[in-house]
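Examination of the molecular architecture
Here is what each chain is made of, one letter per residue.
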Number of protein chains: 2
Amino acid sequence: MPPGVAHGAELADVGAGRIADMDAAGVSLAVLSVGGPGADLLPPSAGVALARDANNRLADLVKDRSDRFAGFAHLPMTAPEAAADELERCVRELEFVGAMVNGHTDGLFLDDPRFGPILARAEALDVPIYLHPSIAPKAVRDAYFGGLPGQTGFLLAGPGFGWHAETAIHVLRLILSGALDRHPGLKLIVGHMGETLPTWLTRFDDVLSGAATHLERRVSQTLLDQVSITTSGWFDTPAFLAALAAFGADRILFSVDYPFSDMKRGVDWLATLPLGPADLAKIAHGNAARLLRI
Amino acid sequence: MPPGVAHGAELADVGAGRIADMDAAGVSLAVLSVGGPGADLLPPSAGVALARDANNRLADLVKDRSDRFAGFAHLPMTAPEAAADELERCVRELEFVGAMVNGHTDGLFLDDPRFGPILARAEALDVPIYLHPSIAPKAVRDAYFGGLPGQTGFLLAGPGFGWHAETAIHVLRLILSGALDRHPGLKLIVGHMGETLPTWLTRFDDVLSGAATHLERRVSQTLLDQVSITTSGWFDTPAFLAALAAFGADRILFSVDYPFSDMKRGVDWLATLPLGPADLAKIAHGNAARLLRI
């Protein structure tokens, strides 16, 4: 079953039920966003209207409980200049703390020059872009994920593997294209324990940095300078150990991916990690407070 | 420059020069294999002839220095029954210790029923199949890796990311298709610190195992039962920490990926790892000796 269908009731409840779940788990603040693709699937004018409406509705929800909720903007990616303007409106007028971008738009990743205005505006506003996975292009689904029993191919293309590999590729394209060098103040966030990136730093420098003579920094350095990672949906201690060793305690943000993952399970898992109180405090809330200014 | 071109001299020297490099690094034994695709790119009859010739030549090299070399079979994957027979010939007559398979064949992975005879024969002979990355299908290269500067897209599709994601998908297809349940004695080896798999065990069980009701085991259990990983080309301590925590010291084999990676660098890195002497001995040689019976 697609995740959105399985969690319809929890997704729809952005009020008392959600806050009760947060209270039960000990979560003080949740950043809300439109879940999954939306305006990015629509032609420009319809996308702009949908995103504006979605953001206004989210702002109303957040305003009612600004002690417990913050918001990420939903952007009309098929109209990049308008998306940049909508991001600015969301940050300046609605007090949102960043934007969530759902992977590729019409098969193009954020390194495509048409999206430059969005990167520039996020940098100028000093708010992060959260790169969320999206549905893989059909060509990739056909090449890699066909012919498996039941729902397993569908899941393998998505949250069972494909989503996460694609999001890592998205980050690497932003680095290798030079986009992050052109926007050195841009902050990215990726979830799912860093979408495999923490285990690759040596390999990236061995294989990619030598050929990337157009870049100002080694690939690993750009990752550490501009990318933070979250634990969303990935309560896995071996993966956390690699993330901590590679990215360090200043670049990891606790996150659940509610309602697709269970809030209490995430918090309970966080408490089991081999962290002293200073690093635990950073990961539990300090890094998010600094990066999102909440 | 493609790696094979950059390392032509080292690749060609399967004698005194290679043994001198092994001596200088402290490597006692190397498993040799045909590097990269070969017979798997040819139509059946030509592939069978090429593989047979390559394996005979490799056997001559190994026989001369059986104190320092062992061999993996090169298989004519486009002729699966003949490939199974060639594997048996290599193991019984040439004393090879397993086979190396270079990813997909004509876009098909080893879960395709046509390759069943190869899996069954490896299982019957009790020799492992080493799944090596190969060139990604063109559809994937076009969707994910186009439009980047210089050689960076080519490298990102290959040893900079794509190879490794594809090999993880290969293993997962073998699990989700039920092929590893049908061949529970089959042993797989994947290199590059497990092709990201060590950081996924919790996620696989969360996302995939529930939908895979046709399988006899959880995905993580099948990985631990039938897959060993090597350090080849991945001298990265954060990645190793995740691999050790997830797969354990009994399933990690030291390997260099010579000449694409440097032998002395690998050995020096191995010595820096936080391992006691018992686990270090397993990873340095004990696990390979047991799995390959060398």
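Above this text sits the structure in question.
Residues numbered from 1 in each chain as written. Chains lettered and ligands numbered in written order. Predicted model: local features only at pLDDT ≥ 70, side-chain atom pairs only at ≥ 80, totals over all residues. Heavy atoms only, no water.

This next bit is on the relation of the copies chain A and chain B. The relation between the two chain copies is a rotation about an axis coupled with a shift along that axis. Aligned on chain B, chain A shows an RMSD of 0.0 Å; the corresponding rotation is 180° and the shift along the axis is 0.0 Å. In short, the pair behaves as if placed about a two-fold rotation axis. When the interface residues of chain A are mapped onto chain B, 100% of them again fall at the interface, so both copies present the same face. (Least-squares fit on C-alpha atoms with pLDDT ≥ 70 in both. Contact = heavy atoms within 4.5 Å.)

Before going further, it helps to examine the nonpolar core. Counting 170 residues, the largest nonpolar core has Ile129(A), Phe161(A), Leu223(A), Ile129(B), Phe161(B) and Leu223(B) as its most contacted members. If we skip the residues at most four places from it in the chain, Phe161(A) touches Leu155(A), Leu156(A), Ala165(B), Ala168(B), Ile169(B), Leu172(B), Thr196(B), Trp200(B) and Phe204(B). (Core = buried A, V, L, I, M, F, W, Y, C linked by side-chain atoms within 4.5 Å. Buried < 20%, exposed > 50% of the residue type's maximum accessible area, 1.4 Å probe, protein only.)

This paragraph deals with the packing of helix H4 (residues 44-64) of chain A against helix H5 (residues 80-92) of chain A. All names here are of chain A. Two elements in contact, H4 and H5, have axes whose closest approach is 11 Å; the angle formed by their N-to-C orientations is 10°. With respect to their mutual orientation, H4 and H5 come out roughly parallel. Between H4 and H5 the crossing geometry is right-handed. On H5, the residues that touch Val48, Ala51, Arg52, Asn55 and Asn56 of H4 are Ala82, Glu86, Arg89 and Cys90. Within the contact of H4 with H5, the residues separate by chemical class into four nonpolar, two polar and three charged. (Axes fitted to C-alpha atoms, helices over the stretch in contact; angles between N-to-C directions. Helix = DSSP H or I, 4+ residues; strand = E, 2+ residues; numbered from the N terminus. Parallel < 35°, antiparallel > 145°, perpendicular 65-115°, else oblique. Left-handed = near helix turned anticlockwise from the far one by under 90°. Nonpolar A, V, L, I, M, F, W, Y, C, P; charged D, E, K, R; others polar.)

Before going further, it helps to spend a moment on the interface of chain A and chain B. In many analyses, interface size is given as the accessible surface area lost on bringing the parts together. The interface of chain A with chain B comprises 57 residues on the first partner and 57 residues on the second. Of the roughly 4,700 Å² buried between chain A and chain B on both sides combined, carbon and sulfur atoms contribute 69%. Among the residues of chain A in contact with chain B, Tyr144(A), Phe161(A) and Arg203(A) are the three that bury the most area, contributing 17% of the side total. Applying the counting rule to chain A against chain B returns two salt bridges. Joining chain A to chain B, the criterion identifies 18 residue pairs in polar contact (both at pLDDT 80 or more). (Buried area = accessible area lost by both parts, 1.4 Å probe. Salt bridge = Lys/Arg side-chain N within 4 Å of Asp/Glu carboxyl O. Polar contact = N/O pair within 3.5 Å; in protein donor to acceptor, adjacent residues only side chain to side chain.)

The next thing to look at is the sheet that holds strand E4 (residues 129-132) of chain A. Adjacent strands of a sheet form backbone hydrogen bonds with each other and so pair up, either parallel or antiparallel. Residues and elements named next belong to chain A. Pairing is parallel across the open sheet formed by seven strands, whose spatial order is E1-E2-E3-E4-E5-E6-E7. The sheet is open, and its two borders are formed by strand E1 (30-32) and strand E7 (252-253), each paired with just one other strand. Relative to strand E5 (residues 188-190), E4 is paired through three bridges, and the arrangement is parallel. From the neighbouring strand, isoleucine 129 faces E5, where its bridge partner is leucine 188. In the packing of helix H9 (residues 162-176) onto the sheet, the strands contacted are E4, E5 and strand E6 (227-230), and the crossing angle to E4 comes to about 135°. (Pairing = 2+ DSSP bridges.)

Right, let's talk about the sheet that holds strand E3 (residues 98-102) of chain B for a bit. Residue and element names in this part refer to chain B. Pairing is parallel across the open sheet formed by seven strands, whose spatial order is E1-E2-E3-E4-E5-E6-E7. Each end of this open sheet is capped by a strand with a single partner; those strands are strand E1 (30-32) and strand E7 (252-253). In the packing of helix H13 (residues 219-226) onto the sheet, contacts are made with strand E5 (188-190) and strand E6 (227-230), and the angle to E6 comes to roughly 65°.

Moving on, we get to the environment of Ala165(A). Secondary-structure assignment places Ala165(A) in helix H9. With 30 residues separating them in the primary sequence, Ala165(A) and Glu195(A) have C-alpha atoms 6.6 Å apart. Apart from the residues within four sequence positions on either side, Ala165(A) is in contact with Phe161(B) and Ala165(B).

This part covers the pattern of salt bridges. All chains considered together, the criterion is met by 36 salt bridges over all chains. The shortest N-O distance in the salt bridge between Asp60(A) and Lys63(A) comes to 3.9 Å. Of this pair, Asp60(A) and Lys63(A) both sit in helix H4, three residues apart, which is roughly one turn of the helix. Of the charged contacts in the structure, one is a salt bridge between Asp225(B) and Arg217(B), with a shortest N-O distance of 3.0 Å. In this structure Asp225(B) comes out as partly exposed when scored by relative accessible area, which is 36%.

A few words now on the environment of Cys90(B). Residues and elements named next belong to chain B. Take cysteine 90: it is sitting in helix H5 (residues 80-92). Taking relative accessible area as the criterion, cysteine 90 reaches 0% and is therefore assigned buried. Cysteine 90 sits 84 residues away from leucine 174 along the chain, and the two C-alpha atoms are 24 Å apart. For cysteine 90, the residues in contact, after removing those within four places along its chain, are Asn55, Ala73, Glu95 and Phe96.

What follows is about the pairing of E6(B). All names here are of chain B. Alternating residues of E6 divide into Val227 and Ile229 and Ser228 and Thr230, and every residue in both groups is buried. For E6 and E7, the ladder comprises two bridges, and the chain directions are parallel. By the bridge assignment, isoleucine 229 is partnered in E7 with isoleucine 252. Crossover connection from E6 via helix H14 (residues 237-247) to parallel E7: handedness right-handed. (Right-handed = clockwise from strand over helix to strand, strands pointing away.)

This model, assessed by the stated rule, comprises 16 aromatic pairs over all chains. Aromatic side chains Phe109(A) and Tyr144(B) sit 6.1 Å apart centroid to centroid with 55° between the ring planes, which places their arrangement in the tilted category. A residue pair is termed interchain when its members come from two chains, as with Phe109(A) in the loop between strand E3 (98-102) and helix H6 (116-125) and Tyr144(B) in helix H7 (residues 138-144). Taking relative accessible area as the criterion, Phe109(A) reaches 3% and is therefore assigned buried. The class of Tyr144(B) is buried, set by a relative accessible area of 5%. An aromatic cluster is built from Phe161(A), Trp234(A), Trp200(B) and Phe204(B), whose rings are joined through pairwise contacts. (Phe/Tyr/Trp six-rings, centres within 6.5 Å; stacked < 30°, edge-to-face > 60°.)

Another aspect to go through is unusual backbone geometry. Most peptide bonds adopt trans geometry, and most residues besides glycine take a negative phi value. Look at the link from Tyr258(A) to Pro259(A): it is a cis peptide, with omega at 5°. With respect to the element layout, Pro259(A) can be found in the loop between E7 and helix H14 (263-272). At His192(B), a position not held by glycine, the phi torsion is positive, near 50°. Mapping His192(B) onto the fold places it in helix H11 (residues 192-195). With relative accessibility at 2%, the residue His192(B) sits in the buried group.

Before going further, it helps to spend a moment on helix H12 (residues 201-209) of chain B. Counting buried residues along H12(B), seven of its nine residues qualify, which places the element largely inside the surrounding structure. Taken together, the buried positions of H12(B) are occupied by Leu201(B), Arg203(B), Phe204(B), Asp205(B), Val207(B), Leu208(B) and Ser209(B). Among the structural elements, helix H8 (152-157) and H9 of chain A together with helix H9 (162-176), H13 and H14 of chain B are those in contact with the buried residues of H12(B).

Right, let's get into empty space enclosed by the protein. With the rule as written, the count across this model stands at five cavities of 30 Å³ or more. Taken as a whole, the largest cavity spans an internal volume of roughly 120 Å³. Lining the largest cavity are 15 residues, with Tyr144(A), Ala165(A), Tyr144(B), Ala165(B) and Ile169(B) positioned closest to its centre. Looking at the lining of the largest cavity, the elements that each hand over two or more residues are helix H7 (138-144) and H9 of chain A together with H7 and H9 of chain B. Of the residues assigned to the lining of the largest cavity, the class counts are 13 nonpolar, two polar and no charged. For the second largest cavity, the calculated volume is near 70 Å³. Taken together, Thr199(A), His192(B), Met193(B), Glu195(B), Thr196(B), Pro198(B), Thr199(B), Trp234(B), Ala239(B) and Ala243(B) make up the lining of the second largest cavity. At the level of secondary structure, the elements contributing two or more residues to the lining of the second largest cavity comprise H11 and H14 of chain B. With three residues, H11(B) is the largest single contributor of residues to the lining of the second largest cavity. (1 Å grid on protein atoms, 1.4 Å probe; cavity = no way out; pocket = protein on both sides within 12 Å on 5 of 7 lines; lining within 4 Å. Points joined across faces, edges and corners; volume = space filled by probe spheres on them.)

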